[in-house]
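Report on the structure
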2 protein chains.
Amino acid sequence: MKTLRGGVTAPKGFSSSGLRAGVKRWSRDLGLLYSEKEAVAAGVFTQNRIQAAPLQVTREHLRGGKLQAVIVNSGNANCCTGKKGLKDAKQMTMWVAQALGISSRKVAVCSTGSIGVLLPMTRIERKIPSLVSDLSKRKHLEFAEAILTTDKKIKETAVRVGPGILGAVCKGAGMIQPNMATMLCFLTTDLAVERGLLQSLLKSITQETFNRITVDGDMSTNDTVLLLANGLCGHTLRSPKEKLFKQFEKALWQVMAELAFQIVKDGEGATHVAHVKVEHAKTEQVALRVCQSVANSNLVKTALFGRDANWGRIAASAGASGASFNPERLSISLGGLWCYKKGVPLKIPPHRLKAVFRKNPLPIRIDLGSGRAEASMLTCDLTDTYVRFNANYRT
Amino acid sequence: MKTLRGGVTAPKGFSSSGLRAGVKRWSRDLGLLYSEKEAVAAGVFTQNRIQAAPLQVTREHLRGGKLQAVIVNSGNANCCTGKKGLKDAKQMTMWVAQALGISSRKVAVCSTGSIGVLLPMTRIERKIPSLVSDLSKRKHLEFAEAILTTDKKIKETAVRVGPGILGAVCKGAGMIQPNMATMLCFLTTDLAVERGLLQSLLKSITQETFNRITVDGDMSTNDTVLLLANGLCGHTLRSPKEKLFKQFEKALWQVMAELAFQIVKDGEGATHVAHVKVEHAKTEQVALRVCQSVANSNLVKTALFGRDANWGRIAASAGASGASFNPERLSISLGGLWCYKKGVPLKIPPHRLKAVFRKNPLPIRIDLGSGRAEASMLTCDLTDTYVRFNANYRT
C-alpha cells in the first residue's frame, strides 16, 4: 500500500492547524481539524468506567451523525474534573463553532494528558482565533504534533482508495492496553459513506487493531477514534458488496493496523516489540484471555527487555490467565523456534535462543493444542526507562 | 503478639537443616524440615493452570492427611519439565524417606526458581545424607535461607499459643500476585488439630492474607503453603468453639498477615508499600476487582515510586477494572487525605500531597459510595530496580 503525503489533511476539503496555547510547558498543545463540508462521522471510545468530560460531549454531538471540526488539546485530560470539566469541554466546542460559523453540535472535542486538573480555559480561548485563521492543508504536522503527549514521534499516514483518499493521525504511548488507551486517532476521507456502515466498520476494525495492542496494561479514560467522511471526491459507498467498499475496508484496516503498530513501537521506554499469538484454543475467549495475560505480564515484558528467551515465564503467565486449557498440550515457540512442545521442554543451544531476538517484532506463538480459535496482540518490553518516566511524569 | 525465637523449629519436635547443593551458584539451596512425630498436615496451592511437578507430588501425598518431612530446593522450580520432572520430584521424596526411615508418602517436596530446567539430581542426591544428619532445632535460619530466591531477607517468626507454639517461615519476592505467588510458606505447631479443621482454617486465612498481596501481578506455578501440626505439646484442638482454638486462629492470622506484609515489603526492587482498600462497593466481587486493578496498575505503582500523589491514575485504574460503579460517587483518599470526593477533585496544596508519603505503608482508600462490601490488598511500588532485576534474572 503506497502512502501519500499530507496525513489527515490529504483527502479533499480537510485542513488543520496546531499551536502552543500553554496547557503544556514547552510544546504545541492545541490542534484543530476542519472539513469545509460537514462530514458523516463515526466514533469509538474507551471502555473505562471513568469517562473524561470531552468524551461525554463528543459522544453527545456524534448522535447527530455529522461533524465538521475537531478541537484537541494535549497536556490535560480534562478527566475527573466534575461539572466544571464538562462545562469547559462544551465551552471549547462553542468557541470553535463561533469562530468557524457552524453549530457547536458539529464540533468534537478531545483532551489527553494529566487527570484531575482543570483546563486553563483563558489560555485556550485566547488561541481559538489563531487556530482558525491558521487552518491549512499544509499544517497536518502541526496538528499531529499538538496532540502528542509522551510520544517520541508523530504518527500519521494517508493512502489512496480508488477515486478518494484516506488520511489518519494518532497519538498514544503509555496507558495503552487492550480496549484502547490514552490513544487518540483521527481518520479522514473524501469518500462519502453511509453512517451506519461507517460506524460498524470503524468499530469492527478497532477491535482487530487498536484493541489488540498493549504497552502497560492500563486503560485510559480518554481514548477516542473518530472517522470523518465528507464525500468531496464525489463517490459514495453504499453497500458492503461494492468493490470500492472492499477497497476502503482494506485500506482502513491497513492504516489502523499500521498506526497501532507505531503506537506499540513508540511505547514508553520500549526497545523491542513482540507479537503474541495464541493458537488452537477451544474458544476465542480462551485465546484472548491467555494472549492478554502474556502480553501484559511484567515478567514476560522484562524478559523481552533482557533479550532472555524465557518461555517459562510465558507458560506461567498463560497458566495464570484463568483460562482453561490442558497444560500437557501446551507448546511455545519464540521467533519460530519451538522451546516447549506438548508439556516437554526441548533442549536448545543458548546461541540459538539468543538469536531469536534478531526478529523485531519477536513472534511468540502459544499453541494450546485443543481447538481452532486464535487471538493475537502486539506488546512491547518493560524497561527501566518506562519506570523512571512514569515515576516522574504526571499523567 | 510477642514473637519467640526459633522460627519454624520453635514448636516441640521440629528440626531443620539447610545447605548448598549447587542448584544455585552461590548460596544455600536445599532445605529439610522434619517432625519427630508424624504431623496432621494441611496445604494450599497456586491456582495457576500450570502446576509444577513438586506440587503434583505434594498434593498426592497430602491426601493421606499426614506429613513428617518437607524437602525444599531453591534455584530451580522443576516446572514445565514434563514426565522427567515429575519423576525427579518423586525421587526427592524417596531419597529423604529412605534416609529418615519413613514412608515417602509422608514427605512433601517444594521447588522454587527457574522454570523449564531439569533439576541437577546427582547434586541433590549427594547432599541428602548431610541434610538429614544436620537436622537440628538450631538450624532454622539455615532452612529459611535455603528456600530464598530473590528475597533480600529471611522471613520467619514464632509465637506462643496457650500451651503450644506456632512457628513459620516463608519466601517470596517477585511473581507475587493475588492468589499467591512464587511463595513458599511452612507453618509448624506442636498443638494437635483435627485435619478438616486445620485445612479449612489454612484455606480461609490464606484468602485473607497471602491472596491479598501483589508485587507484580504475576502468579507463580509453585506456590505452596503447608501447615504441620504434630501434637507434641499434648493439647488437641477439636472444635472451633474452644477458647484455645480461637487463640490459635488469631495467632495463625497474625503470623500469616505479618509474613504477607514482609513479602510485599521485600518485593523485588520495592521502596514503598501501599495498602489499597476499596469501600462501600455493591458486592465483594466489585470491591475486589477494583482493588486488584489498582494494586496491579503499573502507572499507580510507578507513581508510588515517584512519591507522586497521583489519584487520577487510581481513578483511571478503578474505571478500567471492568467492575461496575457510579463514577459520580467515587472518592479517593491518600494517606488519610481526601483528594477526590464524589466525582469532584479537591484543591490541595502540593506540600500536603507530598506529605502523605511519610506513611509507609501508604493507605489508599477508594470509596465507591454505593454499598457495604469492601476489599483490601497490599502492594508495592514498581521501580527501575525491579525492571533491571527481572531483565537479568532467569525465573
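Our subject is the structure that appears above.
These figures come from a predicted structure and were not determined experimentally.

Scoring rules and cut-offs
Residues numbered from 1 in each chain as written. Chains lettered and ligands numbered in written order. Predicted model: local features only at pLDDT ≥ 70, side-chain atom pairs only at ≥ 80, totals over all residues. Heavy atoms only, no water. Helix = DSSP H or I, 4+ residues; strand = E, 2+ residues; numbered from the N terminus. Rg over C-alpha atoms; globule rule 2.2 N^0.38 Å. Contact = heavy atoms within 4.5 Å. Areas by Shrake-Rupley, 256 points an atom, 1.4 Å probe, with all protein chains shown as cover. Buried < 20%, exposed > 50% of the residue type's maximum accessible area, 1.4 Å probe, protein only. Polar contact = N/O pair within 3.5 Å; in protein donor to acceptor, adjacent residues only side chain to side chain. Least-squares fit on C-alpha atoms with pLDDT ≥ 70 in both. Buried area = accessible area lost by both parts, 1.4 Å probe. Salt bridge = Lys/Arg side-chain N within 4 Å of Asp/Glu carboxyl O. Pairing = 2+ DSSP bridges. Axes fitted to C-alpha atoms, helices over the stretch in contact; angles between N-to-C directions. Phe/Tyr/Trp six-rings, centres within 6.5 Å; stacked < 30°, edge-to-face > 60°. Lys NZ or Arg CZ within 6 Å of the ring centre and 35° of its normal.

We now examine the overall build of chain A. The helix and strand inventory of chain A stands at eleven helices and 17 strands. Over its C-alpha atoms chain A spans a radius of gyration of 22 Å, differing by no more than 12% from the 21 Å that the globule rule assigns to 395 residues. For chain A, the spread of C-alpha atoms along the three principal axes comes to 70 × 50 × 35 Å. The long-range share in chain A, meaning contacts at least 24 apart out of those at least 6 apart in sequence, stands at 80%. As displayed, chain A offers around 14800 Å² of accessible surface, 50% of which is attributable to carbon and sulfur atoms.

Another point: the side chain of Asn-73 of chain A. Residues and elements named next belong to chain A. By the secondary structure assignment, Asn-73 is in strand β3 (residues 66-76). Assessed through its relative accessible area of 0%, Asn-73 is described here as buried. Engagement of the side chain of Asn-73 in a polar contact is seen with the backbone oxygen of Asn-76, the distance being 3.0 Å. In this structure, Asn-73 is in contact with Val-23, Asp-29, Leu-30, Met-92, Cys-110, Ser-111, Thr-112 and Leu-119, ignoring residues within four places of it in sequence.

Let us now look at the side chain of Asn-78 of chain A. Residues and elements named next belong to chain A. Relative to the helices and strands, Asn-78 resides in the loop between β3 and α2 (82-100). A relative accessible area of 0% places Asn-78 in the buried class. In terms of polar contacts, Asn-78 uses its side chain to reach the backbone carbonyl oxygen of Gly-85, at 3.0 Å.

The next thing to look at is the relation of the copies chain A and chain B. After a rotation of 180° and a shift along the axis of 0.0 Å, chain A superposes on chain B with an RMSD of 0.0 Å. Between the two chains, the operation in question is that of a two-fold axis. Residue Asp-384 of chain A of chain A places its C-alpha closer to the rotation axis than any other residue of that unit, at 2.2 Å.

Interface size is often expressed as the accessible area that is lost when the parts come together. Listed per partner, the contact involves 50 residues of chain A and 50 residues of chain B. In this assembly, chain A packs against chain B so that about 4200 Å² is buried in total across both faces, 59% of it on carbon and sulfur atoms. Between Asp-384 of chain B and Arg-388 of chain A there is a salt bridge, with its nearest N and O atoms 4.0 Å apart. In this structure, the connection of chain A to chain B is made through eleven residue pairs in polar contact (both at pLDDT 80 or more). If one sorts the elements of the side of chain A that touches chain B by residue count, helix α9 (residues 311-320) of chain A sits on top with eight residues.

On to the sheet that holds strand β13 (residues 331-334) of chain B. Residues and elements named next belong to chain B. Strand order in the open sheet formed by seven strands is β9-β17-β12-β16-β13-β14-β15, and the pairing between neighbours is mixed. Strands at the two margins of the open sheet, each flanked by one partner only, are β9 (213-214) and β15 (344-345). As paired elements, β13 and strand β16 (residues 362-367) share four bridges and run antiparallel to each other. From the neighbouring strand, Ser-331 faces β16, where its bridge partner is Asp-367. Where helix α9 (residues 311-320) meets the sheet, it contacts β13, β14 (337-341), β15 and β16, and its direction lies at approximately 135° from that of β13.

A few words now on the pairing of strand β14 (residues 337-341) of chain A. All names here are of chain A. With three bridges joining them, strand β13 (residues 331-334) and β14 adopt antiparallel strand pairing. Along β14, the bridge assignment pairs Leu-334 with Leu-337. Taken together, β13 and the strand that follows it, β14, pair antiparallel across an intervening segment of two residues, in which Gly-335 is found at a positive phi of about 55°. Where β14 and strand β15 (residues 344-345) come together, two bridges link them in antiparallel fashion. Each bridged residue has a counterpart across the sheet, and for Lys-341 the counterpart in β15 is Val-344.

So, on to the packing of aromatic side chains. All names here are of chain A. Applying the stated criterion across every chain, the model contains four aromatic pairs over all chains. Seen in terms of ring centroids, Trp-311 and Tyr-340 are 4.6 Å apart; in terms of plane orientation they differ by 20°. Their pairing is stacked. With a gap of 29 residues between them, Trp-311 in helix α9 and Tyr-340 in strand β14 connect regions that are remote in the sequence. Residue Trp-311 is classed as buried on the basis of its relative accessible area, which comes to 7%. Take Tyr-340: its relative accessible area is 4%, and that puts it in the buried class. Between Lys-341 and the ring centre of Trp-338, over which it is positioned, the NZ or CZ distance is 4.0 Å.

Structural measurements only, silent on function.
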